[in-house]
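Analysis of the macromolecular model
Below are the chains, spelled out letter by letter.
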Amino acid sequence: MAEQARLIKKYPNRRLYDTRTSSYITLADVKELVLGREEFQVVDAKTGEDLTRSILLQIILEEEAGGAPMFTSDLLAHMIRFYGNATQGMMGKYLENNIKAFTEMQAKLQEQTQAIYGENSPISQDLWAQFLNFQGPALQSVMGTYVDQSKKMFSQMQEQIENQTRSIFTGFPFPNYAPAAKDEQAAPQAAKEAKPEAPAAKSGRSSQK
């Protein structure tokens, strides 16, 4: 039977109460639970509302206010713009999947280095740092290619929508919807039909003379 997630209650005085240890804890203690990969849930002591995300965001805010923030202002601005956008759900899933893949690679590399060099070896961290330094330019190249392909795909979709719109409204007298090729072909034909022909009687008199 799986162990039930650790329950932490938040009271109106903003204090956090750990029901497992029957003691009050701080955000720093909750951070240690996160680092220890321990499952927990923070709920409002009065209403039972789930406040886990709110507490985690508070921890991130404190970390960002420290000396080495992880997110730049530009990145945070981009993230804010995704809220309310049609791609909000997709972007959240995209970031989550990438972070999971990143942590899985780190865990596998640590397991391999620990098996070779033993636990708590500084070589493990050195190898991970070398891996990140190597992957940095590669990831930038991949992201650049991804952005270029996305722009190209968007342009193609936009052109396709415009063509479909023209085909739908071709029968309506809207300006700029009639194909230019037809106009150019129709112009010489119309001029030919409008040109007057020489009278037949006049040419007959000339031949009699």
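Each remark here, short or long, concerns the structure printed above.
Please read these numbers as outputs of a predicted model, since none were measured by experiment. (Residues numbered from 1 in each chain as written. Predicted model: local features only at pLDDT ≥ 70, side-chain atom pairs only at ≥ 80, totals over all residues. Heavy atoms only, no water.)

Brief notes about the side chain of Lys10
Tracing the backbone through its elements, the reader meets Lys10 in strand β1 (residues 6–10). No salt bridge forms around the buried Lys10; measuring N to O, its nearest opposite-charge neighbour Asp44 is 7.2 Å away. (Helix = DSSP H or I, 4+ residues; strand = E, 2+ residues; numbered from the N terminus. Buried < 20%, exposed > 50% of the residue type's maximum accessible area, 1.4 Å probe, protein only. Lys, Arg positive; Asp, Glu negative; His and termini not counted. Salt bridge = Lys/Arg side-chain N within 4 Å of Asp/Glu carboxyl O.)

Things to note about a nonpolar patch on the surface
A cluster of nonpolar side chains, namely Leu75, Leu76, Met79, Tyr94 and Leu95, defines an oily patch on the protein surface of about 380 Å² accessible area. At the level of secondary structure, the elements contributing two or more residues to the nonpolar patch comprise α3 (73–82) and α4 (88–117). Tallying contributions element by element places α3 first for the nonpolar patch, with three residues. Residue position: Tyr94 is located in helix α4. Classification of Tyr94 as partly exposed rests on a relative accessible area of 33%. (Patch = residues over 30% accessible without salt bridge, like charges linked within 9 Å, V, L, I, M, F, W, Y side chains within 5 Å. Areas by Shrake-Rupley, 256 points an atom, 1.4 Å probe, with all protein chains shown as cover.)

A closer look at the sheet that holds strand β4 (residues 40–44)
Two orientations exist for strands paired in a sheet by backbone hydrogen bonds: parallel and antiparallel. Strands sit in the order β3-β2-β1-β4 across an open sheet of four strands; the sheet is mixed. The open sheet has two free edges, formed respectively by β3 (23–25) and β4, since each of these has just one partner strand. For this sheet, the mean inter-axis angle between neighbouring strands, taken without regard to orientation, is 35°. In this structure, β1 lies alongside β4, joined through five bridges in parallel fashion. Along β4, the bridge assignment pairs Lys9 with Val43. Taken strand by strand, helix α2 (residues 52–64) contacts β1, β2 (16–18) and β4, and its axis lies near 105° from that of β4. (Pairing = 2+ DSSP bridges. Axes fitted to C-alpha atoms, helices over the stretch in contact; angles between N-to-C directions. Contact = heavy atoms within 4.5 Å.)

Concerning the packing of aromatic side chains
Using the criterion set out here, one finds three aromatic pairs in the structure. Seen from their ring centres, Tyr17 and Tyr24 are 5.2 Å apart, and the 70° between their planes marks the pair as edge-to-face. By relative accessible area, Tyr24 is classed as partly exposed at 42%. Members of the aromatic cluster, each reached through a chain of ring pairs, are Tyr11, Tyr17 and Tyr24. When the ring centre of Tyr24 is taken as reference, the NZ or CZ atom of Arg15 above it lies at 3.9 Å. (Phe/Tyr/Trp six-rings, centres within 6.5 Å; stacked < 30°, edge-to-face > 60°. Lys NZ or Arg CZ within 6 Å of the ring centre and 35° of its normal.)

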